[in-house]
Amino acid sequence: MVVIPMILPLLAWGVVAVLGGGLIGGAIGSLFDDPQKNKLGILGMQKAGKTRFLSFLRNIPFEEKASGRDSYVEFRYKLQNKKEITISAGRDIGGGNAYRVDYNKILQSSNVILYFFDINRYLKNELDQDGILYQRSCNSRFEHIYSELKKSNKPIIIVATHKDHVLLSENEIKLKFDTLVQNANKSYKEMLKNIHYVNLTSDAEMKNLIEKIFNS
Ligand SMILES: Nc1nc2c(ncn2[C@@H]2O[C@H](COP(=O)(O)OP(=O)(O)O)[C@@H](O)[C@H]2O)c(=O)[nH]1
Ligand SMILES: [Mg+2]
């Protein structure tokens, strides 16, 4: 099979697509050249940085507020190599449990899924805004997304934000997170092998993340 050599560089970028029990990489960058395939689905926990990420991408000021279901129009983003990508109109939905009903629609209508969670709160396992333990709440979203994506073989990019709030090195964070996931022994763990750890309040880290996602 010629699949293996293609997978390796893509895994390095933390881009994975879920297919059955295996992993198949998908070239995200090239998807955004195709007007039929450039729809981003942004999901994740509450206060994880979804709106901040989207505001940066859209080049509009970030406003601190809890999202409802704010829709955005199609927009363009210029990569460092001057290539412009187009992102189709979509919605910035809240992270709370109340918005879980929107998940399937977004998972079905998007070409690439981005999932955000706060790694500091995950490791501390505090209660989330709905009063549920953070790991449980986040894992249940992982499980939901994984079971949907398995059917469609769409790429997903997982972003662990608030790295700056954890008083550990990135390697230590990764080790801790991976140990938790391995011990939980859930089917979705293959989806969590390569995730991006970032501080989204740093413009440099934000830009770097965007390049990794869209310029691959
Ligand atoms: N320190 C830190 N703050 C972050 C990071 N990512 C997001 N935030 C902050 O977390 C809060 C929630 O962000 P927001 O984008 O509204 O989260 P959303 O609920 O997922 O849309 C805001 O105050 C952001 O500035 C991060 O990586 N580090
Ligand atoms: Mg928001």
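Residues numbered from 1 in each chain as written. Chains lettered and ligands numbered in written order. Predicted model: local features only at pLDDT ≥ 70, side-chain atom pairs only at ≥ 80, totals over all residues. Heavy atoms only, no water.

The next thing to look at is the overall build of the chain. Scanning the chain from terminus to terminus reveals eight helices and 10 strands. Residues classed as buried in the chain amount to 50% of the 216 residues present. By sequence separation, contacts in the chain at least 24 residues apart represent 70% of the contacts at least 6 residues apart. (Helix = DSSP H or I, 4+ residues; strand = E, 2+ residues; numbered from the N terminus. Buried < 20%, exposed > 50% of the residue type's maximum accessible area, 1.4 Å probe, protein only. Contact = heavy atoms within 4.5 Å.)

Take the site of ligand 1 next. The full set close to ligand 1 counts 18 residues, and Lys50, Arg52, Glu64, Asp164 and Leu200 are the nearest of them. Interatomic distance of 2.7 Å between a side-chain N/O atom of Asp164 and a nitrogen atom of ligand 1. Here an oxygen atom of ligand 1 sits 2.7 Å away from a polar atom, N or O, in the main chain of Leu200. Bound to the protein, ligand 1 loses 89% of the 580 Å² it would expose on its own. Because more than half of its atoms lie within 2 Å of the grid, ligand 1 is assigned to the largest pocket. (Near = heavy atom within 4 Å. Polar contact = N/O pair within 3.5 Å; in protein donor to acceptor, adjacent residues only side chain to side chain. Areas by Shrake-Rupley, 256 points an atom, 1.4 Å probe, with all protein chains shown as cover. 1 Å grid on protein atoms, 1.4 Å probe; cavity = no way out; pocket = protein on both sides within 12 Å on 5 of 7 lines; lining within 4 Å. Sits in = over half its atoms within 2 Å of the grid points.)

What follows is about helix α6 (residues 134-152). With 19 residues, α6 extends 27 Å from end C-alpha to end C-alpha; this agrees with the ideal 27 Å at 1.5 Å per step. Within the span of α6, buried status applies to Tyr134, Gln135, Ser137, Cys138, Asn139, Arg141, Phe142, His144, Ile145, Tyr146, Glu148 and Leu149. Where α6 terminates, the next one or two residues include Asn153, which has phi positive at roughly 55°. (Expected span 1.5 Å × (residues − 1).)

Turning next to the pattern of salt bridges. This model, assessed by the stated rule, comprises eight salt bridges. Salt-bridge contacts for Asp178 lead to Lys174; the nearest nitrogen and oxygen are separated by 3.3 Å. One end of the pair, Asp178, and the other, Lys174, are both in helix α7 (residues 170-184), four residues apart, so they sit about a helical turn from each other. For Asp178, a relative accessible area of 24% translates into the label partly exposed. Of the residues examined, Lys174 reaches a relative accessible area of 30% and is grouped as partly exposed. Several salt bridges converge on common partners, so that one network encompasses Lys163, Glu170 and Glu205. (Salt bridge = Lys/Arg side-chain N within 4 Å of Asp/Glu carboxyl O.)

With respect to the element layout, Glu148 can be found in helix α6. Sequence-distant contacts of Glu148, that is, excluding residues within four places in its chain, are made with Asn104, Leu107 and Gln108.

What follows covers the pairing of strand β6 (residues 84-87). Across four bridges, strand β5 (residues 75-78) lies against β6 in antiparallel orientation. Each residue of the ladder has a partner; that of Tyr77, found in β6, is Ile85. A loop of five residues connects β5 with β6, the two strands running antiparallel in sequence, and Lys82 in this loop sits at a positive phi of about 75°. (Pairing = 2+ DSSP bridges.)

Once that is clear, we can look at the environment of Leu31. Take Leu31: it is sitting in helix α2 (residues 28-31). Note: C-alpha distance between Leu31 and Phe214 (183 residues apart in sequence) is 8.7 Å. Aside from chain neighbours lying at most four places away, what touches Leu31 is Lys37, Asn38, Asn111, Val112 and Pro155.

Before going further, it helps to spend a moment on the layout of surface pockets. Considered as a void within the structure, the largest pocket measures approximately 480 Å³ in volume. Lys47, Ala48, Gly49, Phe62 and Glu64 are, among the 23 residues lining the largest pocket, the residues nearest its centre. With three residues, the single largest contributor to the lining of the largest pocket is helix α3 (residues 50-58). Here the lining of the largest pocket is built from residues that sort into five nonpolar, 11 polar and seven charged. (Points joined across faces, edges and corners; volume = space filled by probe spheres on them. Nonpolar A, V, L, I, M, F, W, Y, C, P; charged D, E, K, R; others polar.)

By themselves, these figures tell us nothing about what the structure is for.
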